[in-house]
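Per-entry structural report
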Amino acid sequence: MRLDKFLKVSRLIKRRTVANEACDAGRVMINDKPAKASANVKVGDIIEVGFGGKAVRVEVLDVQETTRKEEAKELFRYL
């Protein structure tokens, strides 16, 4: 699955366009490497998203095309 879509489906970032902008600005990393919005996300990847002064690190536990809001937090685990 594309990185921008995963960020939206998992609710880490609310909109896909915002996820694209974050990737273009270099604020998103997969496994400690800067990632483009089109990068492929798989189970076990470590994603780090910079929000202003702090960063959020998560491990991908599952990849789904769609999910309900209540189940979105089961797609990843905070580190």
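One structure accompanies this document, and this report is about it. The structure presented is a predicted model; accordingly, all values stated were derived computationally and were not measured.

Turning next to unusual backbone geometry. Within the chain, Asn31 stands out as a residue other than glycine whose phi angle is a positive 50°. Mapping Asn31 onto the fold places it in the loop between β1 (28-30) and β2 (33-34). For Asn31, a relative accessible area of 34% puts it in the partly exposed group. With a phi angle near 65°, Asp32 is a residue other than glycine that sits in the positive phi range. As for its position among the elements, Asp32 is in the loop between β1 and β2. Given the relative accessible area of 54%, Asp32 is considered exposed.

In this structure, Leu3, Phe6, Leu7, Val28, Val41 and Ile47 are the most contacted members of the largest nonpolar core, which totals 22 residues. Those elements giving two or more residues to this core turn out to be α1 (3-9), α2 (16-24), β1, β3 (46-51) and β4 (54-60). No other element matches the four residues that α1 contributes to this core. Residues contacting Val41, with those up to four places away along its chain left out, are Met1, Arg2, Leu3, Phe6, Ile30, Ile47, Val60 and Val63.

For the rest of this paragraph, the subject is the packing of aromatic side chains. For any pair of aromatic rings, the description rests on two quantities: the centre-to-centre distance and the angle between the ring planes. One pass over the full model with this rule turns up one aromatic pair. For the pair Phe76 and Tyr78, a centre-to-centre distance of 5.2 Å together with 90° between the ring planes defines the contact as edge-to-face. Taking the relative accessible area as the measure of exposure, Tyr78 reaches 56% and is therefore exposed.

Turning next to the pairing of β3. One ladder, built from three bridges, connects β1 with β3; its direction is antiparallel. Bridge pairing in β3 links Ile30 to Ile47. Pairing of β3 with β4, which is carried by six bridges, proceeds in the antiparallel orientation. Within the sheet, the bridge partner assigned to Ile47 lies in β4 and is Val58. Between β3 and β4, which pair antiparallel in sequence order, lie two residues; one of them, Gly52, sits at a positive phi of approximately 60°.

Definitions and limits used
- Residues numbered from 1 in each chain as written.
- Predicted model: local features only at pLDDT ≥ 70, side-chain atom pairs only at ≥ 80, totals over all residues.
- Heavy atoms only, no water.
- Helix = DSSP H or I, 4+ residues; strand = E, 2+ residues; numbered from the N terminus.
- Buried < 20%, exposed > 50% of the residue type's maximum accessible area, 1.4 Å probe, protein only.
- Core = buried A, V, L, I, M, F, W, Y, C linked by side-chain atoms within 4.5 Å.
- Contact = heavy atoms within 4.5 Å.
- Phe/Tyr/Trp six-rings, centres within 6.5 Å; stacked < 30°, edge-to-face > 60°.
- Pairing = 2+ DSSP bridges.

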